[in-house]
Amino acid sequence: MSASHFRRAALALPGVVEGAHQRTADFRVGKRIFATLGYPDDAWGMVKLTPEQQSMLVEAEPEIFRPVPGGWGKQGYTNVLLVKSDATTLKSALAMAWKNVEPKSQVKAREQDGARNKKKP
């Protein structure tokens, strides 16, 4: 994968906008960042996971995922080595990170839409 693939996959998620944070591109839903590009360098992306999600991905795909060094990594922030990542794995990690920061109002609206769609014949 490349930075442009990461960018397109992140922006394909509902309500996502691209911004900038500390000289890196970031991806937000509402006001909350769930992913960045270029940290620690251009070969990497970052996704904001829970520690449990991080552990699962690092264990399953250690050549792709690693905890961000230091305290941030202990909180679930996870680096993604772009060149080793495939589309399915990257999209899954981005979707988990997106869901972790999705605003409650958006969750409620999505759940209500889902309930309405189930009632339709």
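Residues numbered from 1 in each chain as written. Predicted model: local features only at pLDDT ≥ 70, side-chain atom pairs only at ≥ 80, totals over all residues. Heavy atoms only, no water.

**Q** Where do I start with the environment of Lys 99 in this structure?
**A** Looking at the secondary structure, you find Lys 99 in helix α4 (residues 87-101). Residue classification places Lys 99 among the exposed positions, given a relative accessible area of 53%. (Helix = DSSP H or I, 4+ residues; strand = E, 2+ residues; numbered from the N terminus. Buried < 20%, exposed > 50% of the residue type's maximum accessible area, 1.4 Å probe, protein only.)

**Q** Help me out: how do you make sense of the sheet that holds strand β3 (residues 32-37) in this one?
**A** One key point about sheets: their strands pair by backbone hydrogen bonds, in either a parallel or an antiparallel sense. Read from one edge to the other, the open sheet built from six strands follows the order β1-β2-β3-β4-β6-β5, with strand pairing classed as antiparallel. Only two strands of the sheet have a single partner each, and these edge strands are β1 (16-21) and β5 (65-67). If you compare each strand with its neighbour and ignore which way they point, the axes differ by 30 degrees on average. As paired elements, β3 and strand β4 (residues 44-48) share three bridges and run antiparallel to each other. By the bridge assignment, Leu 37 is partnered in β4 with Gly 45. Contacts from helix α2 (residues 51-60) reach β5 and β6 (77-81), with the element oriented near 135 degrees to β5. Taken strand by strand, α4 contacts β1, β2 (24-29), β3, β4, β5 and β6, and its axis lies near 155 degrees from that of β3. (Pairing = 2+ DSSP bridges. Axes fitted to C-alpha atoms, helices over the stretch in contact; angles between N-to-C directions. Contact = heavy atoms within 4.5 Å.)

**Q** Quick question: what am I supposed to make of the environment of Glu 18 here?
**A** Here Glu 18 shows up in strand β1. Looking at Glu 18, the relative accessible area reads 36%, which means it is partly exposed. Along the sequence, Glu 18 and Arg 28 sit 10 residues apart, while their C-alpha atoms lie 6.4 Å from each other. Contact partners of Glu 18, with chain neighbours within four places excluded, come to Arg 7, Leu 11, Ala 25, Asp 26 and Phe 27.

**Q** Would you mind going over the pattern of salt bridges with me for this structure?
**A** Any two side chains of opposite charge can pair if their charged atoms end up close together. By the definition in use, this model includes two salt bridges. With a shortest N-O distance of 2.9 Å, Arg 7 and Glu 18 are connected by a salt bridge. With Arg 7 in helix α1 (residues 3-11) and Glu 18 in strand β1, the pair connects residues that are 11 residues apart, well separated along the chain. With a relative accessible area of 29%, Arg 7 lands in the partly exposed category. Measuring nitrogen to oxygen at the nearest pair gives 2.9 Å for the salt bridge that ties Arg 28 to Asp 26. (Salt bridge = Lys/Arg side-chain N within 4 Å of Asp/Glu carboxyl O.)

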